[in-house]
Amino acid sequence: MTAQHPDFKAEVERLAYTKNYMQQILNESQRGLQSAQENIRKSMADLDYLDSSLGYNNILANARFFEMARNQKEGLEAIQKKPYFARIHFQKTGDPEEFLYIGKTSLFHRETHEPIIVDWRSPVANVYYDGRLGDMEYDVRGEIHKGHLFAKRQYKIQDGELLDIRDIDLTTNDELLQEALAGKADVRLTEIVSTIQKEQNEIIRAHLRQPIIVQGAAGSGKTTIALHRISYFLYTMGEHFNPEQLMILAPNKLFIDYIGDVLPELGVDKICQTTFTDYVLATTKLKLKLQNPNEQLESLVAGEPQQVASWISEMKGSLYYRDVIERYVQKIEQEIANQFEDVFIEKYCIMRASHLKKLFLYEFSYMPIEKRLAHIKKVLASHARQKKQAILITLHKKYDAALGRALDGFRDDEKRRRVVTKFIDERDERIPAIEKEAKSTATVYMRRFSKHNIKTLYRSLLTNAELLAELAPEWHYLEQQQFLQAHAKEQWVLEDLAALYYLQARLKGIPDEWKMRVVFIDEVQDYSLFQLAALKTGLETDMFTMVGDLAQGIHSYRSLTAWEPVQDLFPRASFRTLQKSYRTTIEIMEVANKVLAQMDEQLPLVEPVVRHGNVPTYIEAPSFDALQIQEIFEAIRANGHHSIALICKTTAEAKTMQQALKDKKIASQLLTENESINQDLLLVVPSHLAKGLEFDAVIVAAFDTPFYDTKVDRKLLYVALTRAMHELYLIGPTKNTFLLENEQM
Ligand SMILES: Nc1ncnc2c1ncn2[C@@H]1O[C@H](COP(=O)(O)OP(=O)(O)OP(=O)(O)O)[C@@H](O)[C@H]1O
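About the thresholds
- Residues numbered from 1 in each chain as written.
- Predicted model: local features only at pLDDT ≥ 70, side-chain atom pairs only at ≥ 80, totals over all residues.
- Heavy atoms only, no water.
- Pairing = 2+ DSSP bridges.
- Helix = DSSP H or I, 4+ residues; strand = E, 2+ residues; numbered from the N terminus.
- Axes fitted to C-alpha atoms, helices over the stretch in contact; angles between N-to-C directions.
- Near = heavy atom within 4 Å.
- Polar contact = N/O pair within 3.5 Å; in protein donor to acceptor, adjacent residues only side chain to side chain.
- Areas by Shrake-Rupley, 256 points an atom, 1.4 Å probe, with all protein chains shown as cover.
- Nonpolar A, V, L, I, M, F, W, Y, C, P; charged D, E, K, R; others polar.
- Buried < 20%, exposed > 50% of the residue type's maximum accessible area, 1.4 Å probe, protein only.
- Contact = heavy atoms within 4.5 Å.
- Salt bridge = Lys/Arg side-chain N within 4 Å of Asp/Glu carboxyl O.

On the basis of which strands lie adjacent, the open sheet formed by six strands has the order E18-E23-E22-E19-E21-E20 and parallel pairing. If you trace the sheet from one side to the other, it starts and ends with strand E18 (617-620) and strand E20 (668-670), each paired once. Between one strand and the next, the sheet's axes are offset by a mean angle of 20°, whatever the strand orientation. Bridge count for strand E22 (residues 695-701) against strand E23 (residues 724-732) is six bridges, and the pairing is parallel.

Taken together, 23 residues are adjacent to the ligand, and Thr195, Gln200, Lys222, Thr224 and Glu694 come closest. Contact distances for the ligand include 2.8 Å between a nitrogen atom and a side-chain N or O atom of Gln200. At a separation of 2.8 Å, an oxygen atom of the ligand approaches a polar side-chain atom of Arg583. A total of 630 Å² of accessible area belongs to the ligand in isolation, and the protein chains cover 98% of it. When residues of the shell around the ligand are traced back to their parent elements, those giving at least two are helix H4 (175-183) and helix H6 (222-237). Here the residues of the shell around the ligand are counted per class, giving eight nonpolar, 10 polar and five charged.

So, on to the pairing of strand E7 (residues 161-168). Looking at chain direction, strand E6 (residues 143-158) and E7 are connected through seven bridges and run antiparallel. Of the residues in E7, the one forming a bridge with Ile157 is Leu162. Two successive antiparallel strands, E6 and E7, enclose a turn made up of two residues, where Asp159 displays a positive phi of approximately 50°.

By secondary structure assignment, the location of Val214 is in strand E8 (residues 212-216). Accessibility expressed as a relative area gives 1% for Val214, which makes it buried. Remark: the alpha-carbon pair of Val214 and Phe575, spanning 361 residues in sequence, is separated by 5.9 Å. Those residues within four positions of Val214 in sequence are excluded, and the remaining contacts are Ile203, Met546, Val547, Gly548, Trp563, Arg576 and Leu578.

Tallied over the full model, the rule gives 42 salt bridges. For Arg372, the salt bridge goes to Glu333, with nearest N and O atoms at 2.6 Å. Taken together, the residues span a long stretch of sequence, with Arg372 in helix H14 (residues 369-409) and Glu333 in helix H12 (residues 319-338) at a distance of 39 residues. For the pair Arg372 and Glu333, a shared accessibility class is recorded, and that class is buried. Note that Asp709 and Arg714 form a salt bridge whose closest N and O atoms lie 2.6 Å from each other. Under the relative-accessibility criterion, Arg714 is labelled buried at 8%. Look at the salt bridges and you will find they share partners, linking Asp7, Glu11, Arg87, Arg153 and Asp167 into a network.

See the structure below:
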C-alpha cells in the first residue's frame, strides 16, 4: 500500500504547506484586485480633465496591476486542486541539493524566493521529463548546466488531497501514464503535463526558432504535443512574441472545438485557431463559395471516373503550379515596369524612368508589388517637393535676370513696360502652376498603375488559353484544354486557395493582423507543398511546427505523400518520428497494423503502449440494423465507456445510418464539420471527419460502401480503426469489407 510510503506523512504536510501558502497569496491577490479597482474608481472620479496626465497614469498603473493580480489569481485557482504532480531531488553542480515540486504554474516564496512550485515548462523541469537518475545536463537559454538527479517522484493528488506517491526512474510505462490512458473520460483532448514522454518532450522543447516536422503514428500524441509546444513557446519566448502572432491551423471547425479546452488548461489564450480555408479567405478578404473539399474525396471513393479532376488537383498542389503563378507575378511585374516613363514637372524632368524602374525591380524587390508602388509614390512625392524648390530657385533667378536685362535694355519706356509686364505675368502664372503641379505630380503619375483584383487575375489564368500557354508551356496541349475546360464554369475549390494566397502575398502583401510569426499545423499530411510554400512566402517566416501521419493522408491525391519535399522546402527543419501510440490498446492496434501493413508507403508498424483490452469483435451482418447497433452501444456503455462513435466510409452512408437509427427512435448525432460533439449520444461519423478525434469505443460499419483495397480506402479504414481507445467492433457482411479477410476475430 502506497500510503505506507515512508515519506507519505511528510508529503501530506508539504502539500498542506503549499496549499496554505497558495491560499495566503490568493487572499493577497484578492485584496490587491479590490484595492486596484478602488484606486481606478477614485482616479476616475478625481480626473482633472484640464491637467489629466497624472490621473491617467494612475489609472493605467492600477489597470496593469489589476491585470497582473488577476492573472496570478486565476493561475493559482486553476491549480488549487492539484498544485503539483511530481518532484525531483536534484543538485545543480556547485549548488546545494534541492527538492523541486513540478506543477502547471510556478509559485515562489515572497520573502525567501524559494521555489514552492516549479513550472513544468521551466528549464530545470526538463530534468523530470528527460533525465534518468544520475549525472545529467539541461539547457537554460542555450547554456548547458550540469547536475545530478537523485530521485523522481510522482504524486496522485485529487481535490487537494494526496492519494498516492511513487518513486520512479523513467517516465515511460509508469503507472501514472497507464492510469491516464485507461481513465480518460472526456471526448475532448486534455493536457498531459504530468505524463509527457521523453520523445514527446524532445519535440515540445525542440529549438523554438527552427521549423520541425513530425511524422507520428496514429495516437502518438501529435496534436497534444503541438498544443503543449505552443504553451512552452509562449512561456519561453513570451517576451518576444504575443500570443496573437501565433496561429494553429486545424483541419476543420469540429477539430477546433475538439481541442478547445486544452489551450486554456495550458495557460494559453488569444492564439489564432483557424483552418487554412478560413485563414486565406480572411487574409485575402475574398468571398468565395468553396466546394466542400470532402465532396471530391467522396466521389473519389465512390469510384467515379475522376482522372482529370485528380490530375488538376494534384498539379494545383505542386511546386510546379507555384512556379506558374510566380511566372504570372513576374509577368505582371514586367508589365508594370514597362509603364514607367520619365516624370516631369512642367518641362523639367525630375526623375528618369530608368531610375524608377530600378527602384521597382531591384531596390524594393523584397516588397509585394503594390507596396513597392506605394513606396515609389512616396519617394516621388518627396522628390517632387525637393525638385520643385530647385526649379523655383532657377526660375526666380531666370526671371530676375530677364527683368534686369529688360529694365536696362530698353530706352523706349513703352517697350520696356511691355516686356517687363510680359515677364512678370509669365512668372506669376508659371510659378504657382509649378507649385500646384508639384503637389500632385506623384498622385497623377501613379494613376497609370491600377490596383489588382486577385480573384479576377486568377480567373484569367484559369480561363485564358493564351495566357495559360505562355505561363505553363510544359503542359501538353491536351492538358491545357482539360484545364481550361474544367474552369469554364466558375467554381472554387480548396486547391485554388494556395494560388490566391500566393498572389495576395506577392502582389499586395499579407495584412499585419494576419501576418503570423509562428505557425503550428496539425494533420499536415493533408496539405499540399504549394500550400506550405505559399504560407512560408506570405508570412516570411519558417517557424513552423508541422505534425502529421502519412498513413492517414486520405487526401493524398492532392497533398503530401512523402516528407522529403517538405524537408527541401524547410531546409532548417528538424525531422522527428513518433512510433508509439498512447491511444489504443494492444489488441486494437494489432488489427489497425494489419491495414497499415497493406499500404504502399511502407510505414513502420505502430507500437502500442503496453495496455491491454478486449479483442476487437467482428460481427457478421447482411445489412444495417439499427437495433443491433443499439445493442452493441448498450453493451459498451455497460462496460463503463462513454463516448461511442459509429464510423462508416462516406457521409452518404452516415446519413442513411442515422436515418435508420432515427426511425427506431435511437438518439444519435450525425457529426458535421460545424457541429460540436455531444458525447452523450451515439455519434455517427463519416471516416474523413473522424480524423484527429478519438472515442472510448468505435463501431465501424460497412454496408452500402465497403472499404476496397485501394490507396484511399485503406487510409480511411485505418483512420476509423485507430480512433478507438478501448473497444472496437466491426460490423458488415464479410471481413473482406474491412480488408481483414484472413484475420481471426
Ligand atoms: N504522454 C502522454 N500521456 C498521457 N496521454 C497521452 C500521452 N501522449 C498522448 N496521450 C493521449 O493519447 C491520445 C492521442 O493523442 P493525440 O490525439 O494527440 O494523438 P495524434 O498523434 O494527434 O493522433 P491521430 O494522428 O491519430 O489523430 C490522447 O488521448 C492523448 O491524451
